[in-house]
Each structure stands twice: as structure tokens, then as C-alpha cells.
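# Summary of the model geometry
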Amino acid sequence: MGEIFARLRKGVLVTTSYAGKINTMTISWGALGIDWGVPVFTTYVRESRFTHMMLTENPEFTVNIPLSDDAGKILGFCGTKSGRDHDKIAELGLTPVTPEVISVPGLKEFPLTLECRVVYRQNQDMDSIPSRFVDKFYPDVRSGEGADAKDIHTAFYGEIVAAYIIED
């Protein structure tokens, strides 16, 4: 867990797949714990993201964690480019690896892999978030006001159904 938390602060990838397309995006928010008696990784994805649509259609994802500090270029690209417009896997030359349990692959270049199946999801309640966080992370989002009001995060609670390190 210590390794996962340390890497999460710097960025990890969440990978999804739907209708024959694989997409990955950089995250640096997440939670790891036990909910309902099972190990869970919770990822937070804005409603406007392509990854959100994919998770809604196929509620499975992998968390892909680098084991070295040389992942900055990949994390930067995957954190600024949308899967709607880019095939990030092909453009970056990433190698999908057949999963053990779910339908979403891991990524060889980010070998510490958590396979997750969504067991619960919940949209954020902007009225329940302290104003200091709203001001910092959601300055243009106000509950029920305008087009930006929908650009909140959804928490996807993924039961960890497999965890492993992809070997060369």
C-alpha cells in the first residue's frame, strides 16, 4: 500500500475498455481500502471525461502503477489528451497485457496492476464539499448552475479482484 500511495501522488493510470477501444488516463486522486468487507480502489472521474463514459458502459478498470520514476512523459500525455481524440495506447507505444479476471488489460510499462470491478458509484454532492476544496478544485462548478455544473467527479468504487506485477 505504501508503494501505491507514493506512486498515486505522482500519478498512475486508470485504464478502461469498451466497444473494442482501450483508453487510459492519468489520475492522482484515489482511495485504497476495505469497503463492505472487500478490498476496494476508488477512482474519481469527471463526468465530462471519455473515461467516465467508458466506465459507465463497462464498469471495469485497471489501475496501472509505474515502478520507476521515468513515467513522466506518459503520465503527462495521458493527463492532457482525451481518448475521444487520441488512441493513447498506440500513440505512446504502450503494451496491453491480457487481464486475469476482468475484460480490461493492464499495461506492461506500468507493471503494478490492480484489476477492479465497479461495485458502487456516486456523484459528488457539491453542497457537501468544504468551500476551500470547491474554491480550489471546482472554481467554475456550482451545483445546478449552467453547463459547467455537470463537470463534477463521480466516485467509482472498484472491488480489487486481482493484483499483480506484470513480469517481462
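Located above this text is the structure these notes cover.
Residues numbered from 1 in each chain as written. Predicted model: local features only at pLDDT ≥ 70, side-chain atom pairs only at ≥ 80, totals over all residues. Heavy atoms only, no water.

### Some remarks on the sheet that holds strand E5 (residues 60-65)
The line we're drawing: In this scheme, strands are said to pair when DSSP sees at least two bridges between them. Strands are runs of DSSP state E lasting at least 2 residues, helices are runs of H or I lasting at least 4, and numbering of each runs from the N terminus. Helix axes are fitted to C-alpha atoms over the stretch in contact, other axes to C-alpha atoms as well, and angles between N-to-C directions run from 0 to 180 degrees. Contact between two residues is taken to exist if any of their heavy atoms lie within 4.5 Å; hydrogens are not considered.
Across the sheet, seven strands lie side by side as E2-E1-E5-E8-E9-E4-E3; this open sheet has antiparallel pairing. Among the strands making up the open sheet, the edge pair consists of strand E2 (21-27) and strand E3 (30-35). Pairwise comparison of adjacent strand axes, ignoring direction, gives a mean angle of 35° for this sheet. Note that strand E1 (residues 12-18) and E2 share seven bridges and pair antiparallel. Residue pairing in the sheet places Tyr-18 in a bridge with Lys-21 of E2. Helix-sheet contacts for helix H2 (residues 50-57) involve E1, E2, strand E4 (38-46), E5, strand E8 (112-123) and strand E9 (153-165), and the interaxial angle to E1 is about 55°.

### Points about the nonpolar core
The tendency in soluble globular proteins is for nonpolar side chains to be buried side by side. Quick note on the threshold: Note on terminology: a nonpolar core comprises buried Ala, Val, Leu, Ile, Met, Phe, Trp, Tyr and Cys residues joined through side-chain atoms within 4.5 Å. We call a residue buried when its accessible area falls under 20% of the maximum for its residue type, exposed when it is over 50%, and partly exposed in between, using a 1.4 Å probe and counting protein chains only.
In terms of nonpolar packing, the biggest core is built from 19 residues, with Ile-27, Phe-41, Phe-61, Val-63, Leu-114 and Cys-116 touching the most fellow members. Of all the secondary-structure elements, those providing two or more residues to this core are helix H1 (2-10), E1, E2, E4, E5, E8 and E9. A per-element tally of this core places E8 first, with four residues. Ignoring sequence-local partners within four residues, the contact set of Cys-116 consists of Phe-41, Pro-59, Glu-60, Phe-61, Val-63, Ile-102, Gly-158, Glu-159 and Ile-160. Judged by nonpolar contacts, the second largest core, of 11 residues, contains Ala-71, Cys-78, Ile-89 and Phe-110.

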